[in-house]
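# Structure assessment
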Amino acid sequence: MPMKGKYPIRRTLDYLQKGDIVFKNTVKIMTVNYNTHGELSDGTRKFVFFNIPQIQYKNPWVQVMMFKNLTPSSFLKFYLDDGDQVLVDAEGKDHKDISQHVKKILGKSEEVLHAEELARMVHSNPANFGPKKYCLRECMCEVEDQVPCPGLIPLPNEMRGKYKAQMKGIEV
Amino acid sequence: MSVKSASVHAKWIVGKVIGTKMQKTAKVRVTRLVLDQYLLKYYNKRKTYFAHDPLEQCTVGDVVLLKALPERRAKHVTHELAEVVYKVGNVIDPLTGKQVAGSLFREPLTDSMENPAGSLTEKLQELNITAA
């Protein structure tokens, strides 16, 4: 049974996670102006169709707004934290050119991304037990080949403190 | 110490003005893209913010850039107007600087319209001279 819609691959987690562009921390808002008809806006339309979901997935705290048919030209505008604005002309460009250009001017470079990933790995130790949000496992009973959770399968009598205390009481 | 000092995460916002009935305050609707967990598709989610507009220069329909106030001004007013990005009815194309309406330019782009008029007046003067 195939997925519904045009290019439903855009709606897969795999595709979203493959997004290239991670914006620098100063970029707060991204605005795309384009037209629904006309050949000049074709690249920008494809950029919005294919690349915007990837960008928004990788940058959940950046506000992305689309404006259709406001001006005859098509462009992207970025609003940075200090009040600076960056205008990127997208008229007649291909969607791959636009995304590469945006990555070059406002995206985090490969080294920075690697360094951040290393920092994240250093912080999270896979040997720790704790809440699912921070660690891989919560209890030893989740690990293969360890004693199963007593909530599901009762422990054998030798391991139960209550039974041992009873036995001790009877002996004495 | 004040807990309500800066609005969470929203230092700069772009939105559309939907109401100006309050004095010196504009009601702004901000849309953000939110992922639907099942469909894995992004949809616009709206939120209204109230912005302080001391000069009352906004009209309904303007696209506006808001800046977060360092301290909450009133119970609901948390942002102030930084600039009007696109004024309704008077959109200026940032690439050319000309007035624009939809997919057309309002003003003629080239100055070649003046020359035919100039040549016409010259021709009229010539005719007068010959008549005299």
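Keep in mind that this is a model prediction, so the values were computed, not measured.

Next up on the list: the overall build of chain A. Each helix and strand counted, chain A has 5 helices and 4 strands in total. Written out in order from the N terminus, the α and β elements of chain A read α-β-α-β-β-β-α-α-α. Relative to its length of 172 residues, chain A is extended, with a C-alpha radius of gyration of 27 Å against a globular reference of 16 Å. Counting all 172 residues of chain A, 33% fall into the buried class. Relative to all contacts within chain A whose residues are 6 or more apart in sequence, the contacts with residues 24 or more apart total 60%. A total of about 11500 Å² of accessible surface is found on chain A, and carbon and sulfur atoms cover 57% of it. For chain A, the separation between the mean place of its 25 positive charges and that of its 21 negative charges on side chains is 5 Å.

Moving on to the sheet that holds strand β3 (residues 42-52) of chain B. Residues and elements named next belong to chain B. As summarised here, the arrangement of the 5 strands in space is β1-β2-β3-β5-β4, forming a closed barrel in which the pairing is mixed. Neighbour to neighbour, the strand axes of the sheet diverge by 50° on average, direction disregarded. As paired elements, strand β4 (residues 63-68) and strand β5 (residues 77-86) share 6 bridges and run antiparallel to each other. Its bridge partner being in β5, Leu66 is matched across the sheet by Leu81.

Turning our eyes to something else, we now look at the sheet that holds strand β8 (residues 104-105) of chain B. Residue and element names in this part refer to chain B. Judged by pairing direction, the sheet is antiparallel, and its 3 strands sit side by side in the order β6-β7-β8 without closing on themselves. At either end of the open sheet lies a strand with only one pairing partner, and these are β6 (91-92) and β8. Sheet topology note: the strand β7 (residues 99-101)/β8 ladder contains 2 bridges and is antiparallel. The residue bridging Ala101 from the neighbouring strand is Leu104, located in β8.

Rules used in this analysis
Residues numbered from 1 in each chain as written. Chains lettered and ligands numbered in written order. Predicted model: local features only at pLDDT ≥ 70, side-chain atom pairs only at ≥ 80, totals over all residues. Heavy atoms only, no water. Helix = DSSP H or I, 4+ residues; strand = E, 2+ residues; numbered from the N terminus. Rg over C-alpha atoms; globule rule 2.2 N^0.38 Å. Buried < 20%, exposed > 50% of the residue type's maximum accessible area, 1.4 Å probe, protein only. Contact = heavy atoms within 4.5 Å. Areas by Shrake-Rupley, 256 points an atom, 1.4 Å probe, with all protein chains shown as cover. Lys, Arg positive; Asp, Glu negative; His and termini not counted. Charge placed at Lys NZ, Arg CZ, Asp CG, Glu CD. Pairing = 2+ DSSP bridges. Axes fitted to C-alpha atoms, helices over the stretch in contact; angles between N-to-C directions.

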